[in-house]
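# Observations on the three-dimensional arrangement
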Amino acid sequence: MAVLYSEAEREMDCPKEVVIWNYFDHEHVVGTHYKNYSQVKVLAEEDGWCLVDRAYKLPVINFKTSSVGFMHLIDPHHIKSYQMGKMGLLLDQDIYFEDLPNDRCRVKGTYRMEVPPGFGLLQPLWEKITKRWFDLTWDEDAPMRLRRWKVWKLGFRDFRGIPYINEKKAKPNIPPRPYPVELPTPKITPIKGQGVSRIFEKSDEVGYSRGDG
Amino acid sequence: MGSEKVETTDSTDVRALTCVARRSELAPSGQLSRWVDDHDLLIFEHKGKIKVLSNICPHLGGPVGYHKLKDGRFTCLWHNFQFSADSGQCIDHPKLCLREYKTEVRGDEIWVQLVENV
């Protein structure tokens, strides 16, 4: 067997716990990543792991496919992921998280796939696709993580919003609070039964708020 | 606007109105969103009227006004929750609702009451 391998690394201006939430918030893939993901379904999940079916379009080669992936938070610094695609090849992925000062973090992803002999020649294409994928999803996830961290610091509560805004009161003094990793993430969509689909693949985008990020 | 010092009707009263945008800024999409004093405001023109809703999706905090208003609905970018532009009510989950801010249009300026209750 030959092995295709690549890695990519970026830094985020938010704690690693927010990034881990983002990885396990499966519902957002057909929202935030609506241009590339068309469907997602959680097949099973428990504390720290999940089995997810996703349909998406690969960049560079513009290939529509799907895969079933097992994702496991091994420890607070490491997610292990295995994805089996339609062609029967297994993508072995690691995501490592490192704390940095001032509520920042570094994220490193590795992509590894064993392929039949001779297919090692695909290494340059492999690097191009996986790095493009990492960058594409990162660029769409980064403002989401930054905004999530921002509203969290303003007292945001899931399914409720920000109390001082809803109650039409002056902003109180809000003491810092840690961002907890709580898995599985709470859900009110049918993602665990029938799955969820994107509601459009093209949109007139106005963008994030001025002042986000 | 935005990160600039905000203009209010009375700097001693937290319930004073704040100038949050100019009507001319709404072109060409008819809407904009911006943070003002830790409020994320979705400012838009709908059925000939200027309205301001909270831009923070109460589900998980996503940006309600990321996509252009379509068929009277805003669709949050993150998880596709849809909200009525008329009422701020979430169409998918009726228990969720966006705050509507009291708004006044003075010439080209859009003024909003960020704080109503003391």
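Residues numbered from 1 in each chain as written. Chains lettered and ligands numbered in written order. Predicted model: local features only at pLDDT ≥ 70, side-chain atom pairs only at ≥ 80, totals over all residues. Heavy atoms only, no water.

Let us now look at the overall build of chain B. Assigned secondary structure in chain B consists of zero helices and nine strands. A compact globule built from 118 residues should have a C-alpha radius of gyration of about 13 Å, and chain B, at 14 Å, falls within 12% of that. Dimensions along the principal axes, computed over C-alpha positions, put chain B at roughly 40 × 35 × 25 Å. Pairs at least 24 apart in sequence give 41% of the contacts found in chain B among residues at least 6 apart. Counting 15 positive and 17 negative side-chain charges, chain B places the averaged centre of each group 6 Å from the other. (Helix = DSSP H or I, 4+ residues; strand = E, 2+ residues; numbered from the N terminus. Rg over C-alpha atoms; globule rule 2.2 N^0.38 Å. Contact = heavy atoms within 4.5 Å. Lys, Arg positive; Asp, Glu negative; His and termini not counted. Charge placed at Lys NZ, Arg CZ, Asp CG, Glu CD.)

Interface size is often expressed as the accessible area that is lost when the parts come together. Taken together, the contact pairs 38 residues of chain B with 44 residues of chain A. Summed over both sides, the interface of chain B with chain A buries roughly 3500 Å², with 59% coming from carbon and sulfur. Looking at the side of chain B facing chain A, the largest losses of area belong to Trp35, Tyr66 and Trp78 of chain B, adding up to 21% of the total buried there. One can count three salt bridges joining chain B with chain A. The partner of lysine 171 of chain A in a salt bridge is aspartate 38 of chain B, and the shortest N-O contact between them spans 2.5 Å. If you look at where chain B meets chain A, you find 30 residue pairs in polar contact (both at pLDDT 80 or more). Considering every element that reaches the side of chain B that touches chain A, the biggest residue donor is strand E3 (residues 31-36) of chain B, with five residues. (Buried area = accessible area lost by both parts, 1.4 Å probe. Salt bridge = Lys/Arg side-chain N within 4 Å of Asp/Glu carboxyl O. Polar contact = N/O pair within 3.5 Å; in protein donor to acceptor, adjacent residues only side chain to side chain.)

Turning to the environment of lysine 86 of chain A, a few remarks are in order. Residue and element names in this part refer to chain A. Mapped onto the elements of the fold, lysine 86 is located in the loop between strand E5 (78-85) and strand E6 (90-100). Judged by relative accessible area, which is 66%, lysine 86 ranks as exposed. With 18 residues separating them in the primary sequence, lysine 86 and valine 68 have C-alpha atoms 8.9 Å apart. Setting aside anything within four residues of it in sequence, one finds lysine 86 in contact with Thr65 and Ser66. (Buried < 20%, exposed > 50% of the residue type's maximum accessible area, 1.4 Å probe, protein only.)

Residue and element names in this part refer to chain B. Strand order across the open sheet formed by four strands is E1-E2-E9-E8, with antiparallel pairing between neighbours. At either margin of the open sheet sits one strand with a lone partner, and together these are strand E1 (7-8) and strand E8 (102-106). With two bridges joining them, E1 and strand E2 (residues 17-22) adopt antiparallel strand pairing. Bridging across to E2, glutamate 7 finds its partner in cysteine 19. (Pairing = 2+ DSSP bridges.)

For the rest of this paragraph, the subject is unusual backbone geometry. The step from leucine 183 of chain A to proline 184 of chain A runs through a cis peptide bond, and the omega angle for that step is -5 degrees. Turning to its location among the elements, proline 184 of chain A is positioned in the loop between helix H3 (163-166) and strand E8 (196-197). Note the cis peptide between alanine 27 of chain B and proline 28 of chain B, where omega equals 5 degrees. Checked against the element boundaries, proline 28 of chain B lands in the loop between E2 and E3.

All names here are of chain B. Within strand E9 (residues 109-113), four of the five residues are buried, leaving the element largely enclosed by the surrounding structure. Looking at chain direction, E2 and E9 are connected through five bridges and run antiparallel. Of the residues in E9, the one forming a bridge with leucine 17 is glutamine 113. For E8 and E9, the ladder comprises five bridges, and the chain directions are antiparallel. The residue bridging glutamate 104 from the neighbouring strand is tryptophan 111, located in E9. Taking the residues between adjacent antiparallel strands as the criterion, E8 and E9 are bridged by two residues, where glycine 107 takes a positive phi near 65 degrees.

All names here are of chain A. On the secondary structure map, leucine 73 appears in strand E4 (residues 63-75). Leucine 73 sits in the buried class, given a relative accessible area of 18%. Filtering out sequence-adjacent residues up to four positions away, leucine 73 remains in contact with Ile20, Phe24, Gly48, His78, Ile79, Val181 and Leu183.

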